[in-house]
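Each chain, written out:
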Amino acid sequence: MNALLFNSTLVIYAVVTAVYLIYLLKPKESLGKTGLWLALAGFLVHCGFTLNRFLEAGHTPITNLHESLSFFSLSVVGIFLLLERRYKISILGSFMMPLALLIMAISASFSTVIPPLNPALKSRWLAVHTIMAFLGYAAFAISFGVSIMYLIQSHFLKTRKLGSMFQKLPSLDILDDISYRCLTFGFPLLTFAIISGAIWAETAWGTYWSWDPKETWSLITWFIYAALLHGRLTTGWRGRKAAMLSIFGFVIMLFTFLGVNLLLPGLHSYK
Amino acid sequence: MNIIVVGLSHKTAGVEVREKVAFSPTQMEKPLNALVALPDITEAVIVSTCNRVEIYATTRDVAGGMARLKRFLADYHNFPLETLEKHLYSYHGEEATRHVFRVASSLDSMVVGEPQILGQIKTSYGYAAEFKSSGIILNRFLHKAFSVAKRVRTETKIASSAVSVAFAAVELAKKIFGELSDKTVLLIGAGEMCELAAKHFINVGVRGVMVTNRTYERAEKLAEEFDAKPVHFEALMDHLPKADIILSSTGAPHFIIHEKDMEDVLRRRKLKPMFFIDIAVPRDIDPKVNDVENCYLYTVDDLNGVVATNLEQRKVEAAKAEAIVEQEIGQFFKWLSSLDVTPTIVALRSHFDEIRKAELAKTLSNWKDLPPGADKKMDALTNAIMNKLLHHPTSLLKRTDQGSRNDLYVDALRHLFDLETPEQQENMMELED
């Protein structure tokens, strides 16, 4: 059942991605709608998978890379669907769904069996800490995608390449706005994830902060996004600069998430 | 009944000819009445715009009808027919239908896809309807033309892109700013194109307009026209940060906005994007401004390039529109041919005869102890009744001298007796919008 739901999600996301990529290249408006409905279907199956996993495992299914990548992808699709509902910009899907698919594909490459729960993770903080962290990550991922769209659209405008993709992309202001909103949504989540992690660390390991690689890199990520938001509020960092910083922040965030787990040994190396 | 079209347009005649044969919209009653009073002409509609003058009419005699329309155009305007004739085109049947559908869909316009022509034809039709010069065929014909135009507009992107420099500027601004309702336009200098662009921005609804000019009085004068705020030219750099969209066309021989100033300007507006439109020749704005982050500079050449691309795009869309027109011509002709008298009479007779025979058979089969030969007599009796009933309508229809009323009767008969019409009667009574 688990595998069936997971694989169905993967297949649906692959189809959605294909639909959205064709939409990107072909002047066919109806494909955007098709993609949206398929994405919604995929999201529901994905929710089903997550719920099923939760019931089978008996705890929040975000304890190893397979599970957390899947939840990451689920959050990206969820936020994308909310944004699409609010802004009605089909082309968002052409950038978000490939990302969601990629994350799911990486998730699929890790072991899918449900391992016995690491005793250190047996805590009510597990749900709070991980869900907030991954929702935050997802918001940053969306901001990343939208920032890429911003750079492309800005490039089109500067170089006068006003083709059909230019027509489909929304205005710079809207892209800037979505990216900023995602950051203001993701940043508090990241903050609380770090705080809740510290509190949990105190109960589990006896110390609030032990400069474990994950902790260090989370802090670096936090500082980058804090700087970005601060810069926007004071001197008005926006447009291209903000977009590039958001992309940079996402790359660092990915390292915090994946790089630390896979490359740097530490307390957080759950695989 | 045939539909004929006679007229001239920007493609066949210069303005010096078009203006001579144009009809005044305030005096349409006289020419319309004169047209339907002509022998052979049963219905007529006059379309007269600055780019075309056309008469749509119905006639039984195509060649004669066309000749009369041509003569009418010349005589009515006291214009020598010999001179006029070489500018005139005339169509009948399918060609006439295609022509009018294309005109209504703005495929024959000077700027393909421009939206005014449909409204102009609707107004022209309005006069014809008011003065009762159009009848069942032209009513149906023009309604069909309107619905074709509507289909073309909704199913193709023929009118969706800007084909004027001023509109292109507005479209680009929307791609940078999205909403323009909280944006401010700064107009530097004066010039026809610049003012036109400013008007377009005001029409789509910007928050405010500032105007500056080397001579402050001119700025004040222009500001009054646009309901804008005049600004001293010397204070340009102080006001620049407040402007999102800058339209510039001064006669200055050198740049008036430099790249080096932009850093300060952008800092003062918290890096919010700026859209510069430089219409001046020689240019007012250093092209390097386009390289500054969050600054987008378009010159008149760039905008012309956008317009040219959009025009190309319209050509592609026009091909789709032509296909729609072809499809609709077929449909309309099915209806038109159903108005022919002879097949209608045949259909009506066979409809009656079928009922008669069916009822007769029913009665006879239930009738026991039928006297010999009675069935023959019954048959003759019912046949005689049917013929008597049909005699008057049939002979009336066969009289060809009653003009458009005939089509009305035929159409009514087809409806009243549900005679198979070649197509489903789609309701095209949509004059609104």
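Because the structure is a prediction, the values reported are computed rather than measured. (Residues numbered from 1 in each chain as written. Chains lettered and ligands numbered in written order. Predicted model: local features only at pLDDT ≥ 70, side-chain atom pairs only at ≥ 80, totals over all residues. Heavy atoms only, no water.)

K.L.:
Help me out: how do you make sense of the pattern of salt bridges in this one?
P.N.:
Pairs can form between side chains of opposite charge once their charged atoms are near each other. Residues and elements named next belong to chain B. Applying the stated rule across the entire model yields 30 salt bridges over all chains. Where Glu-328 meets Lys-144, a salt bridge forms, and the shortest distance between an N and an O atom there is 2.8 Å. With Glu-328 in helix α13 (residues 300-337) and Lys-144 in helix α7 (residues 136-155), this residue pair connects regions lying 184 residues apart in the sequence. The pair Glu-328 / Lys-144 is uniform in exposure class, with both members buried. For Asp-353, the salt bridge is made with Arg-356, and the minimal N-O distance between the two is 3.1 Å. One end of the pair is Asp-353 and the other is Arg-356, both in helix α14 (residues 341-366) and three residues apart, which spans about a single turn. Salt bridges sharing common partners tie together Lys-11, Arg-52, Glu-54, Arg-102, Asp-108 and Glu-322. (Salt bridge = Lys/Arg side-chain N within 4 Å of Asp/Glu carboxyl O. Helix = DSSP H or I, 4+ residues; strand = E, 2+ residues; numbered from the N terminus. Buried < 20%, exposed > 50% of the residue type's maximum accessible area, 1.4 Å probe, protein only.)

K.L.:
Please explain the domain arrangement of chain A as it appears in this structure.
P.N.:
It is common to give the size of an interface as the accessible area that goes away when the parts come together. All names here are of chain A. Taken domain by domain, chain A consists of domain 1 (1-117) and domain 2 (124-271). Relative placement of domain 1 and domain 2: their C-alpha centres are 19 Å apart. Here domain 1 packs against domain 2, burying approximately 2,700 Å² in sum over the two surfaces, 83% of which is carbon and sulfur. Broken down residue by residue, the surface that domain 1 buries against domain 2 is led by Leu-65, Phe-72 and Phe-95, which jointly contribute 22%. Where domain 1 meets domain 2, there are zero salt bridges. Where domain 1 packs against domain 2, one counts four residue pairs in polar contact (both at pLDDT 80 or more). Of all the elements in the fold, those that place two or more residues in the side of domain 1 that touches domain 2 are α1 (2-25), α3 (65-87) and α4 (91-108). (Domains from an automatic or database assignment. Buried area = accessible area lost by both parts, 1.4 Å probe. Polar contact = N/O pair within 3.5 Å; in protein donor to acceptor, adjacent residues only side chain to side chain.)

K.L.:
What am I meant to see in the domain arrangement of chain B here?
P.N.:
Split by domain assignment, chain B resolves into domain 1 (2-155), domain 2 (165-307) and domain 3 (338-416). Measuring from the centre of the C-alpha atoms in domain 2 of chain B to the corresponding centre in domain 3 of chain B gives 77 Å.

K.L.:
For this particular structure, what's the right way to read the packing of aromatic side chains?
P.N.:
The description of an aromatic ring pair rests on the distance of the ring centres and on the angle between the ring planes. What the rule picks out here adds up to 26 aromatic pairs over all chains. Here Phe23(B) and Phe72(B) contribute two aromatic rings whose centre-to-centre distance is 6.5 Å and whose plane-to-plane angle is 10°, an arrangement assigned as stacked. Taken as a pair, Phe23(B) in the loop between α1 (15-21) and α2 (29-37) and Phe72(B) in helix α3 (residues 62-76) lie far apart in primary sequence, 49 residues in all. With 5.2 Å between their ring centres and 40° between their planes, Phe141(B) and Phe332(B) make a pair best called tilted. Here the residue Phe141(B) occupies a position in helix α7, and Phe332(B) occupies one in helix α13, the gap between them amounting to 191 residues. For Phe141(B), a relative accessible area of 0% translates into the label buried. Linked through ring pairs, Phe71(A), Phe72(A), Phe134(A), Tyr137(A) and Phe257(A) together constitute an aromatic cluster. Its guanidinium or amino end placed over the ring of Tyr180(A), Arg232(A) lies 4.1 Å from that ring's centre, counting from NZ or CZ. (Phe/Tyr/Trp six-rings, centres within 6.5 Å; stacked < 30°, edge-to-face > 60°. Lys NZ or Arg CZ within 6 Å of the ring centre and 35° of its normal.)

K.L.:
Whenever I open this one, the interface of chain A and chain B confuses me. Can you help?
P.N.:
Facing the 26 residues of chain A at the interface are 23 residues of chain B. Broken down residue by residue, the surface that chain A buries against chain B is led by Lys158(A), Arg160(A) and Arg238(A), which jointly contribute 32%. Between Arg160(A) and Asp302(B) there is a salt bridge; the shortest N-O distance is 2.8 Å. Joining chain A to chain B, the criterion identifies 20 residue pairs in polar contact (both at pLDDT 80 or more). Of all elements in the fold, only α5 (125-159), α6 (164-168), α7 (172-205), α8 (213-234) and α9 (240-263) of chain A reach the threshold of two or more residues within the side of chain A that touches chain B. No other element matches the six residues that α5(A) contributes to the side of chain A that touches chain B. Per-class residue counts for the side of chain A that touches chain B are ten nonpolar, eight polar and eight charged. (Contact = heavy atoms within 4.5 Å. Nonpolar A, V, L, I, M, F, W, Y, C, P; charged D, E, K, R; others polar.)

K.L.:
When you look at the UniProt feature "binding site: substrate" (unreviewed entry) in chain B in this model, what are you seeing that I'm missing?
P.N.:
Within this numbering scheme, the UniProt entry marks Thr49(B), Cys50(B), Asn51(B), Arg52(B), Ser109(B), Glu114(B), Pro115(B), Gln116(B) and Gln120(B) as carrying the feature "binding site: substrate" (unreviewed entry). In this structure, Pro115(B) sits in the loop between α5 (93-104) and α6 (116-130). (UniProt positions renumbered as here; feature names shortened; annotations may be inferred.)

K.L.:
I'm lost on the packing of α3(A) against α5(A) in this one. Help?
P.N.:
Helix-helix packing is characterised by the crossing angle of the two axes and by the distance between the axes. Residues and elements named next belong to chain A. Their axes nearest at 8 Å, the elements α3 and α5 cross at an angle of 55°. What the angle tells us is that α3 and α5 run oblique. For the pair α3 and α5, the crossing hand works out as right-handed. Where α3 abuts α5, its residues Ser-68, Phe-71, Phe-72, Ser-75, Val-76, Ile-79, Phe-80 and Leu-83 lie against Ile-131, Phe-134, Leu-135, Tyr-137, Ala-138, Ala-139, Ala-141 and Ile-142. A breakdown of the residues in the contact of α3 with α5 according to their chemical character gives 14 nonpolar, two polar and no charged. (Axes fitted to C-alpha atoms, helices over the stretch in contact; angles between N-to-C directions. Parallel < 35°, antiparallel > 145°, perpendicular 65-115°, else oblique. Left-handed = near helix turned anticlockwise from the far one by under 90°.)

K.L.:
Any chance you could explain helix α8 (residues 165-177) of chain B here in plain terms?
P.N.:
Since the α-helix advances by 3.6 residues per turn, residues separated by three or four positions end up pointing in the same direction. Residue and element names in this part refer to chain B. The end-to-end C-alpha separation of α8 is 18 Å, in line with the 18 Å expected for 13 residues at 1.5 Å each. Within α8, ten of the 13 residues are buried, leaving the element largely enclosed by the surrounding structure. Regarding α8, the residues found buried are Val-165, Ala-166, Ala-168, Ala-169, Val-170, Leu-172, Ala-173, Lys-175, Ile-176 and Phe-177. In the segment just after α8, Gly-178 is the residue with positive phi, at about 70°. (Expected span 1.5 Å × (residues − 1).)

K.L.:
Hey, could you run me through the UniProt feature "transmembrane region" (unreviewed entry) in chain A in this one?
P.N.:
UniProt tags residues 6-24, 36-55, 67-83, 95-114, 134-157, 178-201, 216-233 and 245-264 of chain A as "transmembrane region" (unreviewed entry). The distance separating the terminal C-alpha atoms of residues 245-264 of chain A is 25 Å; by composition the span is 95% helix and 0% strand.

K.L.:
Honestly, the sheet that holds strand β4 (residues 89-92) of chain B in this entry has me stumped. Any pointers?
P.N.:
The strands making up a sheet associate through backbone hydrogen bonding, with each pair oriented either parallel or antiparallel. Residues and elements named next belong to chain B. Strand order in the open sheet formed by four strands is β2-β3-β1-β4, and the pairing between neighbours is antiparallel. Sheet topology places β2 (41-48) and β4 at the edges, where each strand pairs with a single neighbour. Looking at each pair of strands side by side, their axes are set apart by 15° on average, direction ignored. With respect to the sheet, α3 is in contact with β1 (2-9), β2, β3 (52-59) and β4, its orientation differing from that of β1 by roughly 35°. Contacting β1, β2 and β3, α7 runs over the sheet at an angle of about 35° to β2. (Pairing = 2+ DSSP bridges.)

K.L.:
Any chance you could explain α1(A) here in plain terms?
P.N.:
Residue and element names in this part refer to chain A. Relative to the 34 Å expected for 24 residues at 1.5 Å per residue, α1 spans 35 Å between its end C-alpha atoms, a close match to the ideal helical length. Among the residues making up α1, those that are buried are Asn-2, Leu-5, Phe-6, Thr-9, Ile-12, Tyr-13, Val-16, Thr-17, Val-19, Tyr-20, Tyr-23 and Leu-24. Residues of α1 that are buried in the fold lie against α2 (30-57), α3, α4 and α6.

K.L.:
Could you clarify how one ought to interpret a nonpolar patch on the surface in this entry?
P.N.:
All names here are of chain A. There is a patch of nonpolar side chains on the surface, built from Phe-192, Ile-195, Ile-199 and Tyr-208 and spanning about 390 Å² of accessible area. Along the chain, Phe-192 falls in helix α7. According to the relative accessible area criterion, Phe-192 is partly exposed, its value standing at 49%. (Patch = residues over 30% accessible without salt bridge, like charges linked within 9 Å, V, L, I, M, F, W, Y side chains within 5 Å. Areas by Shrake-Rupley, 256 points an atom, 1.4 Å probe, with all protein chains shown as cover.)

K.L.:
Honestly, the sheet that holds strand β5 (residues 184-189) of chain B in this entry has me stumped. Any pointers?
P.N.:
Residues and elements named next belong to chain B. In spatial order, the strands read β7-β6-β5-β8-β9-β10; together these six strands make up an open sheet with parallel pairing. With partners counted over all chains shown, the strands left at the sheet margins are β7 (229-232) and β10 (295-299), one partner each. Across the sheet, the mean angle from the axis of one strand to that of its neighbour is 20°, orientation sign disregarded.

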